[in-house]
Amino acid sequence: MTAMPLNLPEQTLRQRSSMKWRMYDADVLPLWVAEMDVAMHPAVRAAIDEALDASDTGYPAGNEYQEAFAAMAAARWDWHPDPATEIARVGDVMNAMLSMLQGLTEEGDHVVINPPIYPPFRQIVTGYKRHLTEVPLVDDRLDLDGLRAAFAGPDKPTAYLLCSPHNPTGTVHTREELAAVGELCAEFGVHLLADEIHNVLVDPGTEFVPLLSVPACSHAMVATSAGKGWNLAGFKGGLIIRGTDAADKLAALPPLARQSGGQFAKIAHTAAMRHAQGWVDDLMAEVSANKDLLQRLLAEQLPAVVYRRAPGTYLAWLDCSALGLENPSLHFRTKGKVALNNGSDFGPEYGQFVRMNLAAAPELITEAVTRMASSLER
Ligand SMILES: Cc1ncc(COP(=O)(O)O)c(C=O)c1O
């Protein structure tokens, strides 16, 4: 009998004060920001309770988080990073990506991203005096020819920010694609910096390939955490992992990068990775069924919406161009009372897309599509 992580009543979820459930009025069904409608795993809860009972609220120490990640990497992916020398505890994933940019690139440098992309990728480049070089995904996959052209082109980018699996499309990059990316970055002297926060969030039977397990990427750096996989964003924390040939890049991080992690993040993320591996797989079985459900519902009620189902993440990236709406996310929120992410946040040219969060009970997804369809009839 498998656990059913996505089974909380809406009434319970509405008591939450976090962004997903508080940003919009109570008549809006929120399927937007990447929070999951799950209860905290009992092992995580127990670890936090124990720390609270002991007033263990100081600074984090030790390598437990790094070791828990290394144990997971070995068990899930037969990948063996050394927790003592290759993994560092940091504040959170986007600050980790930013600190790598700060340590390895200069103001004025160009940095490559692949739109549509999780909005902070853009923000950590332009907000910190670097420039964007954009190589959009093509049919939701990495454009290797486009990357080569960008690396060889006049911008002379010094870093490439890879999102693996890719938010918002859910693309899971193949071993061959990652190897090609590693070779390209080595050829052009571009720092390869990957965000693998969605690493455990793949459909059952799909292989996630950690970038640093690919020999051609031994020069790369990765940021990750248990924040997405176990819905622990409220416990801000993360890890930076270096490739076996990137000791100098870990050493180049700004000094505070390694001092910004909190005690409760360390405790919660460690417990999740140590004790809740099966839970995340049960969760992804439910998410995968939700992807099937969404496909069926759209075919029946909103056939003009294009959904290319992908095996990574619990996010669905929906092309609403054929509906002829000026602003699909605004329309669905105001007329349908369903909150979805606006595609333009992932790249200005994606305003006709919306992102739907499928880490929700099937009843909520069914209700959302019904509301979206009837909003168009009015
Ligand atoms: C690709 C990606 N990176 C990073 C984050 C946020 O991680 P953190 O809160 O650790 O910065 C998210 C959250 O949705 C994400 O999707």
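The coordinates are above.
None of these values were measured; they are calculated from a predicted model.

Enquirer: Tell me about the pattern of salt bridges, and name the residues and values.
Expert: Within this structure, the stated rule accounts for 16 salt bridges. The salt bridge involving Asp27 is made with Lys337; its shortest N-O contact spans 3.6 Å. Residue Asp27 is located in the loop between helix H2 (19–22) and strand E1 (29–30), and its partner Lys337 is located in the loop between helix H12 (328–334) and strand E11 (338–339); the two are separated by 310 residues in the primary sequence. Judged by relative accessible area, Lys337 falls into the partly exposed class, the value being 32%. One network of salt bridges, with partners in common, ties together Asp203, Lys291, Asp292 and Arg309.

Enquirer: Describe in detail the environment of Thr313, supporting the description with residues and values.
Expert: Looking at where Thr313 falls in the secondary structure, it is placed in the loop between strand E9 (306–307) and strand E10 (315–319). Not counting the four nearest positions on each side in its chain, Thr313 is found in contact with Pro165, His166, Gly170, His198, Leu201, Met284, Val287 and Lys291. At 3.1 Å, the side chain of Thr313 and the backbone nitrogen of Leu315 are in polar contact.

Enquirer: Break down the sheet that holds strand E5 (residues 159–163) for me, citing the residues and quoting the values.
Expert: What holds strands together in a sheet is hydrogen bonding between their backbones, with the strands either parallel or antiparallel. Pairing within the open sheet is mixed, and its seven strands lie in the order E2-E8-E7-E6-E5-E3-E4. The outermost strands of the open sheet, each flanked by one partner alone, are strand E2 (87–90) and strand E4 (131–134). Averaged over all pairs of adjacent strands, the angle between strand axes in this sheet comes to 25°, irrespective of strand direction. Looking at chain direction, E5 and strand E6 (residues 191–195) are connected through five bridges and run parallel. Across the sheet, residue Ala159 finds its bridge partner in E6, namely His191.

Enquirer: Which residues make up the layout of surface pockets, and what are the values?
Expert: For the largest pocket, the calculated volume is near 720 Å³. In terms of lining residues, the largest pocket is bounded by 34 residues, among which Met94, Tyr118, Pro120, Lys228 and Lys236 are the most central. Elements represented by at least two residues in the lining of the largest pocket include exactly helix H5 (93–104) and helix H6 (120–126). The residue makeup of the lining of the largest pocket, split by class, is 18 nonpolar, nine polar and seven charged. Lining the second largest pocket are 14 residues, with Arg16, Val38, Met40, Asn231 and Leu232 positioned closest to its centre.

Enquirer: Please provide a residue-by-residue account of the pairing of E5, values included.
Expert: Of all five residues making up E5, five are buried, and the element is well covered by its neighbours. By the alternation rule, side chains of E5 split into Ala159, Leu161 and Cys163 and Tyr160 and Leu162, which are all buried. Where strand E3 (residues 110–113) meets E5, two bridges bridge the pair, whose relative direction is parallel. Residue pairing for E5: Val112 is matched across the bridge by Tyr160. After leaving E5, the chain enters helix H8 (residues 175–188) and then returns to the sheet as E6, a path that is right-handed.

Enquirer: Any details on helix H3 (residues 42–53)? Residues and values, ideally.
Expert: Look at H3: 16 Å from first C-alpha to last across twelve residues, which is about the 16 Å you get at 1.5 Å a residue. Inspection of H3 places Ala43, Val44, Ala47, Ile48 and Ala51 among the buried residues, and these make up the whole buried set. Considered in projection along H3, the buried side chains sweep an arc of 135° and stay on one side of the axis. Exposed and oriented more than 90 degrees from the buried face of H3 are Pro42, Glu50 and Asp53. Those residues of H3 hidden inside the fold are in contact with helix H10 (263–275). Directly beyond the C-terminal end of H3, a positive phi value near 45° is found at Ser55.

The rules behind the values
As a convention, each chain's residues are numbered from 1 in the sequence order in which they are written. Totals for whole chains, interfaces and linings use all residues, but because this is a predicted model, local features are given only for residues with pLDDT of at least 70 and pairs of side-chain atoms are given and counted only at 80 or more. Excluding hydrogens and water, the side-chain values take into account all heavy atoms of the structure. Throughout this description, the term salt bridge denotes a Lys or Arg side-chain nitrogen within 4 Å of a carboxyl oxygen of Asp or Glu. Each helix corresponds to a stretch of at least 4 residues labelled H or I by DSSP, and each strand to a stretch of at least 2 residues labelled E; elements are numbered beginning at the N terminus. Throughout this description, buried means an accessible area under 20% of the type-specific maximum (1.4 Å probe, protein chains only), exposed means over 50%, and partly exposed covers the range between. Here, two residues are considered to be in contact whenever any of their heavy atoms come within 4.5 Å of each other. N or O atoms within 3.5 Å of each other form a polar contact, as long as, within protein, one can give a hydrogen and the other can take it, and as long as residues adjacent in sequence are counted only when both atoms are side-chain atoms. One bridge is not enough; two strands pair if DSSP finds at least two bridges between them. Lines fitted to C-alpha atoms define the axes here, with helix axes fitted over just the stretch in contact, and angles between the N-to-C directions of these axes take values from 0 to 180 degrees. Every definition here rests on a 1 Å grid over the protein atoms only: cavities are sets of points where a 1.4 Å probe fits but cannot get out, pockets are open sets enclosed by protein on both sides within 12 Å along at least five of seven lines, and lining residues have some atom within 4 Å of a point. Grid points are joined across faces, edges and corners, and a volume is the space filled by probe spheres set on the points. Classes in brief: Ala, Val, Leu, Ile, Met, Phe, Trp, Tyr, Cys and Pro nonpolar; Asp, Glu, Lys and Arg charged; the others, Gly included, polar. Clockwise travel from the first strand over the helix to the second, with the strands pointing away from the viewer, marks a crossover as right-handed. Here, expected helix span is obtained from the residue count minus one, scaled by 1.5 Å. Think of it as the arc spanned by the lines of direction from the helix axis to the C-beta atoms.

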